[in-house]
Amino acid sequence: MEGRPRLPSYGTTRNSEYQYGVSRDYAISSLVVPNSEHIDLSKHSTEKIIELSPNKRYAKLNCILGKGAYKVVYKALDREEGYEVAWNGCQTSKAEYMELNDEIEILKRVRHPNIINFHDCWYNNTEIVFITELMTSGTLREYIHKLQILNLKIIKRWSRQILKGLLYLHSHVPPIIHRDIKCDNIFINGAHGEVKIGDLGIAKMKKGKNYTVIGTPEFMAPEMYDEKGYSEKVDVYAFGMCLLEMVTGEYPYSECKNAAQVYKKVTSGIKPECLDKVTEPQVLDIINNCLLPENERWSVQQLLETPFLLAEPEVLLLSTNDQKNHLTMQVVFKGMDRLSVKFEFNVDTDTAEDVVNEMIEEQVIPERYQQLITSEINRILRELNKYAPGTEDGKDDSHHIWKRETAMEKELAAADDRALEAERRAFILEQQLAEKERKLENEKMIFSNSAAALVEQDIPSTQVLKKSSYNDIREELTAEEPYSFREDISNDRPIEDLVRDVCINSNRNIDKANEWIQRLKGQDIMTVGDLRELHDEDWNGLGLTVLACRLLKNTLYGKS
Ligand SMILES: Nc1ncnc2c1ncn2[C@@H]1O[C@H](COP(=O)(O)OP(=O)(O)OP(=O)(O)O)[C@@H](O)[C@H]1O
């Protein structure tokens, strides 16, 4: 009918329950497989090759991964590379296949981490077979059903991946339009949290088959219904619906009973009811922008630059050495805050965690990207087979903890050594200082003794200073020498006269003289005669120093 849209057959594309019913579980049922004998899969506990590609490279196994309204997907083997792949079979005519030739050639050249790889394609008399990358964790819709409502962090990460895939497609000239973006066509690789767009090019094939209107009504932009032509913006509209499903866990327009109701609402500009459940303003803003009329609707690039989806850093591997243990990587922030950080990574000594922590400490990357950049580095290490398992996202990281502890232990041991060495050096210094002090004391003593000796014995100072030790000088000074009596000093002389003369002659001051006088008088020695009467042993009891005694004796007995 002119000007009226062809409505899709509702039960096949819309009903998510139906989509679910034909996923992996289906592999144990009995079914008729095109171009093969009737296989009762329940009787096949082990996988078997049931068909080979014309070039013999791909081997189809008796394991069905899923079945949609249009195609049956089997597990298969790439016998050249040893990979598991997906064998997609779509019933079609040879003529339709020939019409798709150009498009298939383009699809073969599409290569992006967020788009399921398209490896090969051929026609086998009844169906087009195309070989694609195998996804092991199911579709985004299955995830939403499993997790009910995804958290915003996952939504943000997966949305970015979907949009990056779309950005790549839309950047072709002319743009490659997916035409059937929906959560069933987005596949998850659960182990690494990767998201890939699948079913690329299938929409066109479906159209060729005159199967239904292209796409899925709930995800179709209004301009897709009127056959006046549309642009890559239809993928943006469909992405908005995917985001709505991710954030609410509800299929858009589930309030509608059939495709006609959906069509009516979409073409009248009535939004899905579940939009009211979106509470996060940034997400709501994105969805509303995706659902705007085509000429106002944002581009994928604009969506990627909204605050919610903005510029998550990517880590690129720039170069490696032959052993792949010295890597040069770069953190690239795309979007508004353009920034890039290049760094070296030694696989044998570095860990992603340590390197990222260092970058945060050095303030070259914001802390909020710590986990993301760490897992990006680990992703690269994994791709190079240089990744130690169990280290990602702050999970148990025994290998790296071990590395860190070893490094820490080494550091502590080195610090201990340094402390011991410092203590040892301090001890030696103390000893040297004490030794110096002792020497200084000795020298002081030597100096004062020798000065006294010089006074007492009139020894030239140079001679005294040549003496090597205090003991030598002391020995010399205290050595017994013969005394002779001096008759010019009368025995009646008051002892204080003698003492004062001795002190004056030996450069001792009056205080010293009074001290000696006091000690001598304390022993009843009042005159020179009293002193002369003393025996040698009495001198020791006077309380005078050896030198004082010697000086007094020298004066009394005439020794000069
Ligand atoms: N590359 C793949 N790796 C693993 N499983 C896949 C892959 N492609 C498809 N499947 C599985 O096969 C099922 C059917 O695929 P799909 O939904 O793309 O078929 P379809 O006929 O195009 O569907 P539609 O009903 O949307 O037209 C999917 O739900 C999924 O479980």
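The structure presented is a predicted model; accordingly, all values stated were derived computationally and were not measured.

**Here we look at the overall build of the protein chain**
Helices and strands together make up the secondary structure of the protein chain, namely 22 helices and 13 strands. Taking all 560 residues of the protein chain together, the buried fraction comes to 46%. Partitioning the contacts of the protein chain with sequence separation of at least 6, the portion at a separation of at least 24 is 58%. Counting only carbon and sulfur atoms, one obtains 50% of the accessible surface of the protein chain, whose full area is about 30000 Å².

**Considering the sheet that holds strand E6 (residues 83–91)**
Taken in spatial order, the six strands line up as E3-E4-E5-E6-E8-E7 in an open sheet, and their pairing is antiparallel. Edge positions in the sheet fall to strand E3 (49–52) and strand E7 (118–123), since each has one partner strand and no second. Across this sheet, the average inter-strand angle for adjacent strands is 35°, counted without regard to direction. In the sheet, E7 pairs with strand E8 (residues 127–133) via five bridges, with the strands oriented antiparallel. Counterpart to Tyr 123 in the pairing with E8 is Ile 128.

**Side note on the packing of aromatic side chains**
According to the stated counting rule, one finds seven aromatic pairs in the structure shown. Ring centres 5.4 Å apart and planes at 20° place the aromatic pair Tyr 97 and Tyr 123 in the stacked group. Taken together, the residues Tyr 97 in helix H3 (residues 94–99) and Tyr 123 in strand E7 connect sequence positions 26 residues apart. Residues Tyr 97 and Tyr 123 agree in their burial class; the two are buried. Between Tyr 143 and Trp 158, the ring centres sit 5.4 Å apart and the planes meet at 80°, which makes this aromatic pair edge-to-face.

**Things to note about the pattern of salt bridges**
According to the stated counting rule, one finds 19 salt bridges in the structure shown. The salt bridge involving Glu 51 is made with Lys 60; its shortest N-O contact spans 3.2 Å. Via salt bridges that share partners, Glu 47, Lys 75 and Glu 84 belong to a single interconnected network.

**Quick word on unusual backbone geometry**
Of note, the bond from Val 173 into Pro 174 is cis; its omega dihedral lies within 30 degrees of zero at -10°. Tracing the sequence through the fold places Pro 174 in the loop between helix H6 (152–170) and strand E9 (186–189). Positive phi outside glycine occurs at Asp 524, with the angle close to 65°. Mapped onto the fold, Asp 524 is located in the loop between helix H19 (510–522) and helix H20 (528–532).

**Focus on the confidence of the model for the protein chain**
The predicted model of the protein chain averages 76 in pLDDT, with 70% of residues at 70 or higher. Low pLDDT, under 50, characterises residues 206–212; the predicted model gives this stretch 20 contacts beyond four residues in sequence or across chains. The low-confidence segment residues 458–482 (pLDDT under 50) makes 30 contacts with residues lying over four places distant or belonging to another chain. For this predicted complex, the interface confidence comes out at an ipTM of 0.96, alongside a pTM of 0.55.

**Focus: the state of the cysteines**
Per the counting criterion, the structure on display carries zero disulfides. In this structure Cys 290 is not part of a disulfide, and its nearest cysteine sulfur, from Cys 242, lies 9.7 Å away.

**A look at the pairing of strand E5 (residues 71–78)**
Most of E5 is tucked away: seven of the eight residues are buried. Sheet analysis places strand E4 (residues 58–67) next to E5, joined by six bridges and oriented antiparallel. Each bridged residue has a counterpart across the sheet, and for Lys 60 the counterpart in E5 is Ala 76. Remark: three residues form the turn of the hairpin made by E4 and E5, two consecutive strands paired antiparallel. Judged from the eight bridges that link them, E5 and E6 form a sheet pairing that is antiparallel. Each bridged residue has a counterpart across the sheet, and for Asp 78 the counterpart in E6 is Tyr 83.

Each value, and the rule that gives it
- Residues numbered from 1 in each chain as written.
- Predicted model: local features only at pLDDT ≥ 70, side-chain atom pairs only at ≥ 80, totals over all residues.
- Heavy atoms only, no water.
- Helix = DSSP H or I, 4+ residues; strand = E, 2+ residues; numbered from the N terminus.
- Buried < 20%, exposed > 50% of the residue type's maximum accessible area, 1.4 Å probe, protein only.
- Contact = heavy atoms within 4.5 Å.
- Areas by Shrake-Rupley, 256 points an atom, 1.4 Å probe, with all protein chains shown as cover.
- Pairing = 2+ DSSP bridges.
- Axes fitted to C-alpha atoms, helices over the stretch in contact; angles between N-to-C directions.
- Phe/Tyr/Trp six-rings, centres within 6.5 Å; stacked < 30°, edge-to-face > 60°.
- Salt bridge = Lys/Arg side-chain N within 4 Å of Asp/Glu carboxyl O.
- pLDDT = per-residue confidence, 0-100.
- Disulfide = S-S within 2.5 Å.

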